[in-house]
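Survey of secondary and tertiary structure
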Amino acid sequence: MRTKVEATSKVHIVYLGEKQHDDPILTTNSHHDMLASVVESKEMASELMVHSYKHGFSGFAAKLTESQVQKVAQLPGVVRVIPNSFHKLQTTRSWDFLGLSSHSRVNALHNSSMGDGVIIGVFDTGIWPESKSFSDEGTWTNPITLERNSYPREMQMDMGTHTASTAAGGFVENVSYKGLGLGTVRGGAPRARLAIYKVCWNVLGGWCSAADVLKAFDEAIHDGVDVLSLSLGYPPPLFSDTDERDGIAIGSFHAVTKGITVVCSAGNAGPFSQTVLNTSPWILNVAASTIDRAFLTPITLGNNKTFLGEATFAGKEIGFRSLIYPEAKGLDPNSAGHVCQSLSVNPSMVSGKVVLCFTSMTLSAVISAAEVVKEAGGVGLIVAKNPSNDFYPCADDAFPCIEVDYEIGTRILYYIRSARFPIVKLSASKTIVGKPVSAKVAFFSSRGPNAKAPAILKPDIAAPGVSILAATSPLDRFQDDGYVMYSGTSMAAPHVAGIVALLKTIHPDWSPAAFRSALVTTAWRNHPSGFPIFAEGSPRKLANPFDFGGGIANPNGAADPGLVYDMGTADYINYLCAMDYNNTAISRLTGNPTVCPTEEPSILNINLPSITIPNLRNSTTLTRTVTNVGASTSIYRAVIEPPIGTSVSVKPNVLVFNRKTKKLTFSVTVTTAHQSS
């Protein structure tokens, strides 16, 4: 009988809403008793129980058959029983780029004592605690709280170590990736503490169970973390904010109402619109940007023309060698070099030569093509791909895999087809930083508008997420002495989590909404040099709020924003009512009986640090309330730069704060120049 149950059972989440006991032992016992009443044995209940949620909310995850699911759903106190679902993983110079140099004594890094005392929780694939980035040698200490369960090392993935060290890794000198980006690596809040929650597994490319995510939120609330970093999300179509299948939306709501800031990655489905994930207004959503660094690799053709690609080529210069492009054979277009991932060559064709190929893919194409060319005796590979700043190095740093955009690739191809004996020289990569390289919104970074609630701007902010050098495990095939470069919004989220940890030290009484507001309203919309920020795509364009929210995070500005747009639980309930979720669904989420007002709140009045009007017809008026967190006596005057085709007025246009007046409300009227009939 037991074998049959195991064969037909699946993990389900039994959601019970707000916890009924402050004693977690009593809560857990009640969960076991409830399950035992269905499976007819406490022993069997213990065997089938996966998680007990007892801190932030009440519920449990258990292995249940379909008939058992129906029985559990009918028990008193059960709000809902849902099948387990899965969230997808979103896969050194950056902190200086953000203005947090460790050599400066007047920035937020030092004003916050480097985040000392703040606890950053990381939901990811686990961690390699032996990394030098987590060492307690010297003056820096960073105790790590590991999740209560332990796992064999072969089950540990590498990205969790990377994200954790990005948020709060210690100072490690003389770190590079194959000789590139040499310097001192560290996290954003080097003296913050880390609490690690393993919620993701090496299954189908990296998936994270909703049951595990909810359990991690429950434990993090109990552990007293201050900020959470999640580099994962559920792929479209998006669940509603009240749907328990979205463990991130549900768990983060309970965390935020307890004062924990939840930072999530925006997703890697860019540059297409309406692809942004984790869009609930209580979540701080992070897009990915490049930084002012590139690893340029000269490609010199036989006609003396030199092009710059990007690679991590640390080997000796490849002197002039034959350069080939595999042309199509017969009617099979996939045999041509324009399909890197299907490249088919033999030693007689490429031995001792450099190969050019084209692809619309990234990681898999580079890896497979490099292996094919190297195995056939080739000495180098040039990959022409979409114009983006994320690149994927070869595992062998002595074998050059140089990536260029389609334009440069096409010019190299024309040279090959026009020269009688085309040749090429490949030089070693060099690290370039500063003004020659400008930051952009990354090609892969998911974009708005928000598909679930277009009036709620997402992403909120952007942060570095391209070629980020941080710690990894020795099991990582790409690692170089324990460090690796990764790209993705997964790398951007821990940057913001680290920043929030610094801000939490400076402003311990701020709410999660206040931290989000401070970051959004002070973000860089232009480079500090004054040049505009572009968004990678087809074609490249000036970045707008749907690409990077308020802009690229500016930690020093966020430490002193002057005014913040604050929000609390009541504001989030107003949002849920404005979304027309029914009272039952909202009550199920909040854990308390909730009745929306007869007159539905306007979603445009949700107190966000942004204004998004999806369908502007004629004139729309909305309100915002600001809280003064700057000088107690201060005056603010409205400066308006209306979007093209609109006129905007603010009343009152002057706000006067004093010791007694901390909050003021103003209205904004937006009118379109194109009146509808």
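Remember, it's a predicted structure, so these values are computed and weren't measured experimentally. (Residues numbered from 1 in each chain as written. Predicted model: local features only at pLDDT ≥ 70, side-chain atom pairs only at ≥ 80, totals over all residues. Heavy atoms only, no water.)

1. Some points on the sheet that holds strand β2 (residues 49-53)
- Strand order in this open sheet of four strands is β2-β3-β1-β4, and the pairing throughout is antiparallel. Looking along the sheet, the strands with just one partner apiece sit at the ends: β2 and β4 (80-83). Each strand of the sheet is rotated relative to its neighbour by a mean of 20 degrees, with strand direction disregarded.
- Summarising the sheet, β2 and strand β3 (residues 58-64) pair through four bridges and their orientation is antiparallel. Note that in β3 the partner of Tyr53 across the bridge is Gly59. (Pairing = 2+ DSSP bridges. Helix = DSSP H or I, 4+ residues; strand = E, 2+ residues; numbered from the N terminus. Axes fitted to C-alpha atoms, helices over the stretch in contact; angles between N-to-C directions.)

2. Digging into the state of the cysteines
- All told, the structure shown has three disulfides when counted by the stated rule.
- The side chain of Cys340 participates in a disulfide bridge whose partner is Cys357; the two sulfur atoms lie 2.0 Å from each other. An S-S torsion of about 105 degrees defines the bridge between Cys340 and Cys357 as right-handed. Here the residue Cys340 occupies a position in the loop between β19 (318-324) and α10 (347-350), and Cys357 occupies one in strand β20 (residues 354-358), the gap between them amounting to 17 residues.
- On the accessibility criterion, Cys340 (1% relative accessible area) is buried.
- Accessibility expressed as a relative area gives 0% for Cys357, which makes it buried.
- Between Cys577 and Cys596 runs a disulfide, and the two sulfur atoms are separated by 2.0 Å. When the S-S torsion is -85 degrees, as for the bridge of Cys577 with Cys596, the disulfide is left-handed. Of this pair, Cys577 sits in helix α17 (residues 569-578) while Cys596 sits in the loop between α18 (583-590) and β32 (619-628), and the two are 19 residues apart along the sequence.
- We classify Cys577 as buried; its relative accessible area is 4%. (Disulfide = S-S within 2.5 Å. Buried < 20%, exposed > 50% of the residue type's maximum accessible area, 1.4 Å probe, protein only.)

3. Some words on the confidence of the model for the protein
- Within the protein, residue pLDDT values average 87, and 90% of them lie at 70 or more.
- The low-confidence segment residues 1-7 (pLDDT under 50) makes six contacts with residues lying over four places distant or belonging to another chain.
- Contacts from residues 138-156, a stretch scored under 50 in pLDDT, to residues over four places away or in other chains number 48 contacts. (pLDDT = per-residue confidence, 0-100. Contact = heavy atoms within 4.5 Å.)

4. With respect to unusual backbone geometry
- For the bond running from Pro236 to Pro237, omega is 0 degrees, close enough to zero to count as cis.
- Within the secondary structure, Pro237 is located in the loop between β14 (232-233) and α9 (247-257).
- At Lys178, a position not held by glycine, the phi torsion is positive, near 60 degrees.
- By secondary structure assignment, the location of Lys178 is in the loop between β8 (172-177) and β9 (180-185).
- A relative accessible area of 9% means that Lys178 is categorised as buried.
- A positive phi angle, close to 55 degrees, is found at Asp481, a residue other than glycine.
- Inspection of the secondary structure puts Asp481 in the loop between β27 (468-471) and β28 (483-486).
- A relative accessible area of 59% means that Asp481 is categorised as exposed.

5. Examining helix α12 (residues 406-418)
- In a regular helix each residue adds 1.5 Å, so 13 residues correspond to 18 Å; α12 covers 18 Å between its end C-alpha atoms and thus fits that length.
- Along α12, the residues classified as buried are Ile408, Gly409, Ile412, Leu413, Tyr415 and Ile416. Down the axis of α12, the buried side of the element spans an arc of 155 degrees, and every buried residue falls inside it. Seen from the buried face of α12, the exposed residues on the opposite side, beyond 90 degrees, are Glu407, Tyr414 and Ser418.
- A distance of 3.2 Å separates the backbone nitrogen of Glu407 from a side-chain oxygen at the start of α12, and that oxygen is part of Asp405. (Expected span 1.5 Å × (residues − 1). Arc of directions from axis to C-beta. Polar contact = N/O pair within 3.5 Å; in protein donor to acceptor, adjacent residues only side chain to side chain.)

6. Quick word on the nonpolar core
- Core analysis: the biggest nonpolar cluster contains 64 residues, and Phe123, Leu228, Leu230, Leu232, Trp282, Tyr575 and Ile603 have the highest contact counts within it.
- Of the residues forming this core, the biggest block, eight residues, is contributed by helix α8 (residues 210-223).
- Discounting residues that sit within four places of it in the chain, Tyr575 has contacts with Asp241, Pro281, Trp282, Ala453, Ile456, Ile603 and Ile606.
- If you look at the next biggest cluster of nonpolar residues, it comprises 59 residues, including Ala439, Ala462, Trp524 and Ala553. (Core = buried A, V, L, I, M, F, W, Y, C linked by side-chain atoms within 4.5 Å.)

7. Examining the side chain of His527
- Of note, His527 is situated in the loop between α14 (512-522) and β29 (534-535).
- Engagement of the side chain of His527 in a polar contact is seen with the backbone oxygen of Ala439, the distance being 3.1 Å.
- In contact with His527, not counting residues within four places along its chain, are Ser438, Ala439, Pro532 and Ile533.

8. Thoughts on the sheet that holds strand β34 (residues 646-651)
- Ordered by their spatial adjacency, four strands build an open sheet running β31-β32-β36-β34, and the pairing between neighbours is antiparallel. Because the sheet does not close on itself, it has two edges, and the strands there are β31 (563-564) and β34.
- Where β31 meets β32, two bridges bridge the pair, whose relative direction is antiparallel. Looking at β32, one finds that Val564 is bridged to Thr627.

9. Section: the packing of α17 against α18
- Closest axis-to-axis distance for the α17/α18 pair is 10 Å, and the angle between their directions is 150 degrees. By the angle class used here, α17 and α18 are roughly antiparallel. Judged by the twist between their axes, the crossing of α17 over α18 is right-handed. Across the interface between the two elements, Ile573, Leu576 and Cys577 of α17 pack against Ile586, Leu589 and Thr590 of α18.
- Classifying every residue of the contact of α17 with α18 gives five nonpolar, one polar and no charged. (Parallel < 35°, antiparallel > 145°, perpendicular 65-115°, else oblique. Left-handed = near helix turned anticlockwise from the far one by under 90°. Nonpolar A, V, L, I, M, F, W, Y, C, P; charged D, E, K, R; others polar.)

10. With respect to the pattern of salt bridges
- Under the definition given, this model contains 18 salt bridges.
- Where Arg80 meets Glu244, a salt bridge forms, and the shortest distance between an N and an O atom there is 2.8 Å.
- Residue classification places Arg80 among the partly exposed residues on the basis of a relative accessible area of 27%.
- The exposure class of Glu244 is buried, given its relative accessible area of 2%.
- A salt bridge links Asp460 to Lys458; the shortest N-O distance between them is 2.8 Å. (Salt bridge = Lys/Arg side-chain N within 4 Å of Asp/Glu carboxyl O.)

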